[in-house]
Amino acid sequence: MSEPVDPEEVRHVADLARVALNDEEATRFAEQFGDILAYFDALDEVPAVERDADLTNVMRADDTREGLSQEEALRNAPETVDGYFKGPRVS
Amino acid sequence: MTAQTTQARDLAVVIGLEVHVQLETATKLFCGCSTDTADSEPNTHTCPTCLGLPGALPVVNEAAVEAAVKVGKALDADIPEETRFHRKNYYYPDLPKNFQVTQYDEPICQDGSLEVAVADERRTIGIERAHLEEDPGSLKHEGGAIDRAEYTMVDYNRAGMPLMEIVTDPDFRSPTEVRAFLEKLEEVLEYLGVFDAERDGSLRIDANLSVVDAEEVAEDGTIPTDVLADANRTEVKNISSHKGAAKALSYEETRQKNAVRRGRAVEQETRHWDESRGITVSMRSKEEEKDYRYFAEADLPPMRVSGWKEEIAIPELPDARRERFREEYDLSAEEASKLTSTKQVADFYEALTDEFDAGFAASWVVDRLLGELNYRDRSVGSVDRAAFVRLLELVDSDDITVKNAEEVVLRAMLDDGSDPDAVVEAEGLGKTSGDAVEEAVEEAIADNPDAVEDYHDGEGGALNFLVGQVMQSTGGSAEPGAVNELLREKLDS
């Protein structure tokens, strides 16, 4: 059985992900996370099956490839300045 | 503990390092973007993978893994059967994906060591682990200091550059040892051909430092683990050179010792080395203890490369090369050590031994060339090899004097890129033939009867005066020793 999720835990993870939650949301999401994790418990009852061998050593040669232009790289950015992505002050 | 005993305590410093080195590859760690970003416009070396765009898949660069195995081999580390990447989650604009791909509990290198010479002592520094990870992007804080800036400018050219983080055991007992270790590490990495010290930001150091009672340190430098665990330590960040490391850690050592002697506790915290002010400052952060929520990077299958340790050859390392130079070329310990200080110097020297006597070439490189280069703050890479070979030929064949070769020709070569033969020609340095010297000697004797008389009266200065006259009239191109001998011969006959 998975551990129940408490609102404190939800608030902690939300803080780390820079998501603001009010008390009502924290409580509601705690319940929902509990439900989601409970669904995974069902997997414990699946019998063992043969599975494909895991991949290993998937590597590429050290050859350069054309990337994006500056214009393309910045295309999705809400704000840019002098070829840089522009973001709020960090501290 | 009373204030008095606190003051009387002898304190010892304990330091451990996390060294980030950039591996020299053509492309980034997980994508084909070029690593040659020097002097580039921002955000011109990116692709969907290193920008963290949805759906982009990372594929590890084989050359970076090879480089890591080489480092492991050189550090005498274990390469485990299986090694894998993890995601380290944190929110900061230098990470486009909001996580850094790094290695967590299955690093590619474990349990190594590196031997360093500190003064006359050999010290073995334990390497806990060394792992591969991607570099974040770089930030510029516009409009002043980080906490007062108006906004942040982000450049992802550096994002995804291959780094190796080398973590040592807390085995350093002084900042001097740290410096010696960093110099040695850089030397080894350069020998391996996986690192370029000249590249901006290629070496970055974080250090953990604490102080303990000196009496807890055993004769062999070991400290009981519970004593280490109890000591509050600070993590000093933002160190970018050997010299900076020694300065930052000396400062931090003094700061902690003073705190303890005044009866204050050392706070466990992260401190930032401010190079320009020469101090460490507390980076107090409101955030709670770091919670990186590491989990396995499912986009990158595990690697099984322990067998590569046998397959990949590494070049002769500095210690071995130094010993070989001593034996093979019959050099002194000091010469051998200076000639192997960098791979560049060692290669430069060793190529000369094909053409010249090994001892002769060694004295020219160690006593003359390295001195002149050091004075000019230049490296041997800036020397025109062909010109230097020609210079040695001129000396070896006795065409110019050693003094002129060094003071005139070598310096002109280094300062103006002059051709040795052209300098000899222009300055008239060709060694004066025996006849001309003899003529000048006879002339000096004829022109200076007073000095000749003084010589016969046993005045020591007279002979030197006459030698000076001959040197002057031959424009310094005669060998003073030969002139001296010839003068005596003529005067005494």
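Residues numbered from 1 in each chain as written. Chains lettered and ligands numbered in written order. Predicted model: local features only at pLDDT ≥ 70, side-chain atom pairs only at ≥ 80, totals over all residues. Heavy atoms only, no water.

Under an unreviewed UniProt entry, chain B has the name Aspartyl/glutamyl-tRNA(Asn/Gln) amidotransferase subunit B and belongs to Halomarina rubra. Annotation of chain B in UniProt includes, under Sequence similarities (unreviewed entry), the sentence "Belongs to the GatB/GatE family. GatB subfamily." According to the UniProt record, the Subunit (unreviewed entry) comment for chain B is "Heterotrimer of A, B and C subunits." (UniProt positions renumbered as here; feature names shortened; annotations may be inferred.)

As annotated in an unreviewed UniProt entry, chain A carries the name Aspartyl/glutamyl-tRNA(Asn/Gln) amidotransferase subunit C and comes from Halomarina rubra. Listed in UniProt under the heading Subunit (unreviewed entry), the comment for chain A reads: "Heterotrimer of A, B and C subunits." A UniProt comment under Sequence similarities (unreviewed entry) is attached to chain A, and it reads "Belongs to the GatC family."

Visitor: Sorry if this is basic, but what is going on with the overall build of chain B here?
Guide: A count of helices and strands for chain B gives 17 helices and 14 strands. Taking 493 residues into account, the globule formula puts the C-alpha radius of gyration at 23 Å, and chain B, at 30 Å, lies well above it. Structurally, chain B occupies a C-alpha span of about 95 × 65 × 50 Å along its principal axes. Looking at the 493 residues of chain B, the share that counts as buried comes to 49%. A sequence separation of at least 24 residues applies to 71% of the contacts in chain B between residues at least 6 apart. Of the roughly 23500 Å² of accessible surface on chain B, 44% is carried by carbon and sulfur atoms. Both charge centroids of chain B, one from 52 positive and one from 105 negative side chains, sit 9 Å from each other. (Helix = DSSP H or I, 4+ residues; strand = E, 2+ residues; numbered from the N terminus. Rg over C-alpha atoms; globule rule 2.2 N^0.38 Å. Buried < 20%, exposed > 50% of the residue type's maximum accessible area, 1.4 Å probe, protein only. Contact = heavy atoms within 4.5 Å. Areas by Shrake-Rupley, 256 points an atom, 1.4 Å probe, with all protein chains shown as cover. Lys, Arg positive; Asp, Glu negative; His and termini not counted. Charge placed at Lys NZ, Arg CZ, Asp CG, Glu CD.)

Visitor: Explain the packing of aromatic side chains to me, please; I cannot follow it from the model alone.
Guide: Describing an aromatic ring pair means giving the distance of the ring centres and the angle of the ring planes. All names here are of chain B. Applying the stated criterion to the full structure yields 11 aromatic pairs over all chains. Taking the centre distance of 3.9 Å and the plane angle of 10 degrees together, the rings of Tyr 104 and Tyr 294 count as stacked. On the criterion of sequence distance, the pair formed by Tyr 104 in the loop between β4 (99-102) and β5 (109-118) and Tyr 294 in the loop between β13 (279-282) and β14 (295-296) is long-range, its members being 190 residues apart. By relative accessible area, which is 28% here, Tyr 294 ends up partly exposed. Connected via pairs of aromatic rings, a cluster forms that spans Tyr 90, Tyr 104, Tyr 292 and Tyr 294. The lysine or arginine in question, Lys 88, covers the ring of Tyr 292, its NZ or CZ lying 4.3 Å from the ring centre. (Phe/Tyr/Trp six-rings, centres within 6.5 Å; stacked < 30°, edge-to-face > 60°. Lys NZ or Arg CZ within 6 Å of the ring centre and 35° of its normal.)

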